[in-house]
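Spelled out from the first residue to the last, the chains are:
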Amino acid sequence: MDYFVILLLQIGSAIASLVLLSIGLAVIFGMMRVINLAHGEFLMLGGYAAITAYNHGVNLWLAMMLVAPLTVGIFGAVVERLVIRHLYGRLIDTMLATWGLSLAMIGFVTVVFGNTVSGISAPLGSLSIGAYRTGAYEIFLIGIAALLLVVGWLVLRFTRHGLISRGTMQNPAMAAALGTNPSAVYAATFAVGSALSGLAGGLLAPLSGVVPTIGSAYIAKAFITVISGGAAILSGTAIASTLLGAINTLATFAFTSVLGEVALLVAAVVLLRLLPQGITGRFFRRAL
Amino acid sequence: MINRRKLFRSAAAGAATLATGPFVIRDLHAQDVMKIAGIHDTSGGLDIYGKQMVATLDLAVNEVNDSGGLLGRKIQLINYDPQSNIQLYTQYATEAATKDKVAVVHGGITSASREAIRPLLKRFNTLYFYNTLYEGGVCDRNIFCTGSTPAQTVEKLVPYVQKKWGKKVYTIAADYNYGQITAKWVKKYAQDNGGEVVQTDFFPLDVTDFGPTVKKIQAAKPDLVMSALVGAAHISFYRQWAAAGMNKQIPLASTTFGNEIVITSPEEHNGYIVAFGYLEGIDTPANKKFVEIVHGKYAIPHMTELATMTYHGLHLWADAVKKAGSLDRMKVIEALEAGASYDGPAGKTTIDAKTHHDILDVYIGEARDKKFVVLEKFPQQQPADTQAVCDLKKNPNENKQYVIDVKT
């Protein structure tokens, strides 16, 4: 029984980490159709922001949940203003530009922090479930991921900002004709997406530590989740994370962590073969 | 007082030093110096090891030079930084052997980098010292391997922790030849000692998520965990293990937990038991002096076996050159084979003529508050694994790395 609970918790934490990894990318890609190849480095920057702030005496929770998203959000706004804005609608050019940005960020962070691992210990200690022990922080992350999805849904569904961004997403020209300013919406969206990535990077730092090149460990999973999820930002991410996270964890428990990764990739390939538009391209099409 | 001319002169000298790179001494005349090369990664993922190896190599070279040099000449150390990139290893080894015509090359950190330059240096008749602990089995008369191998460390570590904690072992190891071979040795020694390995899991070097593993280990209920995890990403295992409170529940021993002690916190690593050919906590005057210099002058926070054996390696070579009275490669090799020995911070290390590996002292230590405390010392351990497959006395022309067949 306790083994079953611990298995469920592990699946939950795998899903939560996929949600956190991909939510920022989903917002930027889903709303703006901009493929941000520097997404992994945005996460990395969030991790460094949190760790640096913490090492300078900032409270750990503030460092992870405020400093990290703010830093990366502001960075994202600057990047949008200087680079992305000039490349809207030019998919290949944005990919190239953000790829260059990712290399520059890795280089810059390496120069500043050195090519070594930095890290902080996970807070909250541990708790026991029957004969097993698990980190309380993992459970906290599950809660945060769920909270992000719910808040995101509430904002998109019930607020004026949500309405405007949904309108701009569906038809930018019509939204502009009705008096919105698409470029302001895009700028805000990019900053919010970046801030979400920063938050995720900060929250994941205590578990995995950060190195300048850690983005490459994140970005593949983030893209696979977003593409498998399809057009709907929140429900797509949630469903794809649930499916892939569960498959990954079950295969890891049954075999090894290598086969867990293989199972995740195979599942994504099969899924995209059957549903080329992603899960929400076929089902839940009216979801957010 | 600084006038303009003096300022100009020192600026020019500074520029010249910059242009030739750090550590290169150019003000000596060519006939007064003998060149040697160090090839260590001081940037990229392995820099944490490379930097301290360069520091100890520099220290040893300075010591030899200060005591009058070798054969009446000063040693000039040329350091190459291959940036954790194997291609640059072959490029720099070729450059060192052909352009600089160095007397000896010290270097290589991973086994992959060693196997990239070992055949090359043999072809160019350039003597090679590899000073890293590794999986064993290299059989080549042109190379001297001064680091420890699993038969020296794992053989002592496994029975020690089994006696202390119990017989059931769960092994987690890095997924490349070092981890695979070490895991086999762990299994062999665990069984020889009347115990068992309940499960062995391998992890590619970029894995950072160990959540499922932490739970799988709990489900298997071992008496102890044996870790041969390697590199930056795998440090997250120790963090996640401690975050789940498991470091207080199931004890852990490791053949690789070295510099990780600097990055993890005492709450995360206290109580881990390791075995190496060198530990910073060795309580001898020679080691205390060594550690003081390296911490102070070179600002290296923590010394590992790799860097200390680099220091031993350079001294072993220098003593052999003195004994041979020549830089001739064969004469130096023969001097080293004649039981060359150096007593230094790691204790006494002696070259085994049959295998060109080190007979060395093995130390079992416990991590306590960012330091390793020596629990037990096993003096003069033979490299029994390589000895089982390699005999350079009988077959001096051998040139390969044996994959040692571990019978379990």
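Residues numbered from 1 in each chain as written. Chains lettered and ligands numbered in written order. Predicted model: local features only at pLDDT ≥ 70, side-chain atom pairs only at ≥ 80, totals over all residues.

A separate point is the overall build of chain A. Along chain A, the regular secondary structure elements total twelve helices and two strands. Going residue by residue from the N terminus, the α and β elements of chain A occur as α-α-α-α-β-β-α-α-α-α-α-α-α-α. Here chain A has a C-alpha radius of gyration of 19 Å; the compact-globule value for 288 residues is 19 Å, and the two agree. Seen along its three principal axes, the alpha-carbon backbone of chain A occupies a region of about 60 × 45 × 35 Å. Residues classed as buried in chain A amount to 52% of the 288 residues present. (Helix = DSSP H or I, 4+ residues; strand = E, 2+ residues; numbered from the N terminus. Rg over C-alpha atoms; globule rule 2.2 N^0.38 Å. Buried ≥ 20, exposed ≤ 12 C-beta atoms within 10 Å, placed from the backbone.)

The subject of this paragraph is the overall build of chain B. Helix and strand content of chain B: 14 helices and 16 strands. Relative to the 2.2 N^0.38 estimate, which gives 22 Å for 408 residues, the radius of gyration of chain B is 22 Å and therefore close to what a compact globule would have. Counting over 408 residues, chain B shows a buried share of 53%. Partitioning the intrachain contacts of chain B with sequence separation of at least 6 by distance along the chain shows that 73% fall at a separation of at least 24. (Contact = placed C-beta atoms within 7 Å.)

Moving on, we get to the domain arrangement of chain B. Residue and element names in this part refer to chain B. Per the domain assignment, the segments of chain B are domain 1 (18–148 + 284–360 + 382–400) and domain 2 (151–276). The distance between the C-alpha centroids of domain 1 and domain 2 comes to 30 Å. Contact with domain 1, which involves 17 residues of that partner, is made by 14 residues of domain 2. Contributions of two or more residues to the side of domain 1 that touches domain 2 are made by α2 (47–66) and α14 (384–387). Grouping the constituent residues of the side of domain 1 that touches domain 2 by class yields eight nonpolar, six polar and three charged. (Domains from an automatic or database assignment. Nonpolar A, V, L, I, M, F, W, Y, C, P; charged D, E, K, R; others polar.)

This next bit is on the interface of chain A and chain B. With 30 residues of chain A in contact, the opposing surface of chain B contributes 33 residues. Among the secondary structure elements, those contributing two or more residues to the side of chain A that touches chain B are α1 (2–32), β2 (132–135), α5 (136–158), α8 (182–208), α10 (233–254) and α11 (257–274) of chain A. Per-class residue counts for the side of chain A that touches chain B are eleven nonpolar, 17 polar and two charged.

Looking now at the pairing of strand β1 (residues 33–39) of chain B. Inspection of the sheet shows β1(B) paired to strand β2 (residues 74–80) of chain B by seven bridges, in the parallel sense. Within the sheet, the bridge partner assigned to B:I36 lies in β2(B) and is B:L77. (Pairing = 2+ DSSP bridges.)

Between α1(A) and helix α7 (residues 211–220) of chain B, whose axes approach to 10 Å, the crossing angle comes to 170 degrees. Here α1(A) lies roughly antiparallel to α7(B), going by the angle between them. Note on element contacts: α7(B) touches α1(A) through B:G211, B:P212, B:K215 and B:A219, opposite A:Y3, A:I6, A:Q10 and A:S13. Among the residues making up the contact of α1(A) with α7(B), the classes are represented as four nonpolar, three polar and one charged. (Axes fitted to C-alpha atoms, helices over the stretch in contact; angles between N-to-C directions. Parallel < 35°, antiparallel > 145°, perpendicular 65-115°, else oblique.)

Moving on, we get to helix α4 (residues 111–123) of chain B. Residues and elements named next belong to chain B. The first and last C-alpha atoms of α4 sit 19 Å apart over 13 residues, in line with the 18 Å expected at 1.5 Å per residue. At I117, α4 shows its largest kink, close to 25 degrees, and the proline P119 lies no more than four residues downstream. When we look at burial in α4, the residues that qualify are S111, S113, R114, I117, R118 and L121. Buried residues along α4 sit against α3 (86–99), β3 (104–107), β4 (127–130), β5 (138–140), β6 (143–145) and α6 (177–192). (Expected span 1.5 Å × (residues − 1). Bend = angle between axes of the 7 residues up to and from the residue.)

Residues and elements named next belong to chain B. Viewed as axis vectors pointing N to C, helix α5 (residues 150–165) and α6 meet at an angle of 45 degrees, and their least axial separation amounts to 9 Å. One finds that α5 runs oblique with respect to α6. Judged by the sense of rotation from one axis to the other, the crossing of α5 with α6 is right-handed. Listed contacts from α6 to P150, V154, E155, V158, P159 and Q162 of α5 are I181, T182, W185, V186, Y189 and A190. (Left-handed = near helix turned anticlockwise from the far one by under 90°.)

If you look at the biggest cluster of nonpolar residues, it comprises 205 residues, and the most contacted ones within it are A:L20, A:A50 and B:V186. With 16 residues, α1(A) is the largest single contributor of residues to this core. Shared between two domains, this core holds at least three residues of each, these being domain 1 (18–148 + 284–360 + 382–400) and domain 2 (151–276) of chain B. Beyond its immediate stretch of four places on either side in the chain, A:L20 contacts A:L141, A:A145, A:A200, A:L203 and A:L204. (Core = buried A, V, L, I, M, F, W, Y, C linked by C-beta atoms within 7 Å.)

Residue and element names in this part refer to chain B. The pairing of strand β14 (residues 357–368) with strand β15 (residues 371–381) spans eight bridges and is antiparallel. If you follow R368 over to β15, its bridge partner there is K371. Linking β14 to β15, which pair antiparallel, is a turn of two residues; within it D369 sits at a positive phi near 50 degrees.

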